[in-house]
Amino acid sequence: MYNDLKAFAENHNVTLVAVSKTKPVEAIRALYDLGQRDFGENKVQEMVEKQSQLPADIRWHLIGHLQKNKVKYIAPFVAMIHAVDSLELLTTIQNQAIKNNRQIPVLIQFHIADETTKFGLSYDEAEAIFEEIQKNPMPELIIAGVMGMATFTEDKAQIKAEFQQLKKYFDTIKAKYFANDPEFIHISMGMSGDYPIAVEAGATMIRIGSAIFGFRD
Ligand SMILES: *Cc1c(COP(=O)(O)O)cnc(C)c1O
């Protein structure tokens, strides 16, 4: 399954993030040996533990909700933080980037699903943050794009509409705030159950766990 996904991602020019949460380092190492370099984790402690045991050229993506007080543990090495949904969190990441003398790429998470439990910003909330950043730039942050999760449903039309919504948000924000920024390029959307729909709607990064590693407990 991995080789099919890898070929799919290459053919569609999207980044495949292999979501290795709950899986042992041996499983990551096996994929690494096949050439995979982008891995996603949703818990800080798990990511830190795995990072210390695996090759340094792995690009670690934090894809889950991130608490401000945990940013410091991943700031030295994280390749991208996908689920940023507040100005306070952006400010914390900016401060940790300064401390570590590096830039940290982040994605702004939008709420596109109909379930009330999922994290993420409305369009208006996101725009307020972009206005604030325009006034007070955070040069150590690389705002690399947007991220979202569709509703967990069998209704493909609904999933498609939600991904298209995120693409629209991306286009609008790009035109308004990042027109001349070559780094605002990413739309992280699509998981094992819905990635073909996401790519059709314009995803540049897909986050795939169970379709690569098998089901999680
Ligand atoms: C677990 C997870 C994924 C991968 O889910 P699968 O359905 O196993 O592919 C993608 N994105 C986020 C944010 C996740 O937490």
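Being a predicted model, the structure only gives us computed values, none of them experimental. (Residues numbered from 1 in each chain as written. Predicted model: local features only at pLDDT ≥ 70, side-chain atom pairs only at ≥ 80, totals over all residues. Heavy atoms only, no water.)

(A) A look at the packing of helix α6 (residues 123-135) against helix α7 (residues 156-177). Running from N to C, α6 and α7 cross one another at 20 degrees; their axes reach a closest spacing of 12 Å. The angle between α6 and α7 places the two elements in the roughly parallel class. As for the relative orientation of α6 and α7, their crossing is right-handed in sense. Residues Tyr123, Glu127, Phe130, Glu131 and Gln134 of α6 form the contact with α7, whose participating residues are Tyr169, Thr172, Ile173, Lys176 and Tyr177. A per-class count over the contact of α6 with α7 returns five nonpolar, two polar and three charged. (Axes fitted to C-alpha atoms, helices over the stretch in contact; angles between N-to-C directions. Helix = DSSP H or I, 4+ residues; strand = E, 2+ residues; numbered from the N terminus. Parallel < 35°, antiparallel > 145°, perpendicular 65-115°, else oblique. Left-handed = near helix turned anticlockwise from the far one by under 90°. Contact = heavy atoms within 4.5 Å. Nonpolar A, V, L, I, M, F, W, Y, C, P; charged D, E, K, R; others polar.)

(B) Summary view of the pattern of salt bridges. Inspection of the entire model under this criterion finds seven salt bridges. One salt bridge in this structure joins Asp171 and Lys167, with 2.9 Å as the shortest N-O distance. A residue pair is termed a helical-turn pair when its members lie 3 or 4 positions apart in one helix, as Asp171 and Lys167 do in helix α7 at four residues. Lys167 gets classed as partly exposed once you look at its relative accessible area, which sits at 27%. One continuous salt-bridge network, built from bridges that share partners, spans Glu41, Glu46 and Lys50. (Salt bridge = Lys/Arg side-chain N within 4 Å of Asp/Glu carboxyl O. Buried < 20%, exposed > 50% of the residue type's maximum accessible area, 1.4 Å probe, protein only.)

Keep in mind these numbers describe shape, not what the thing actually does.
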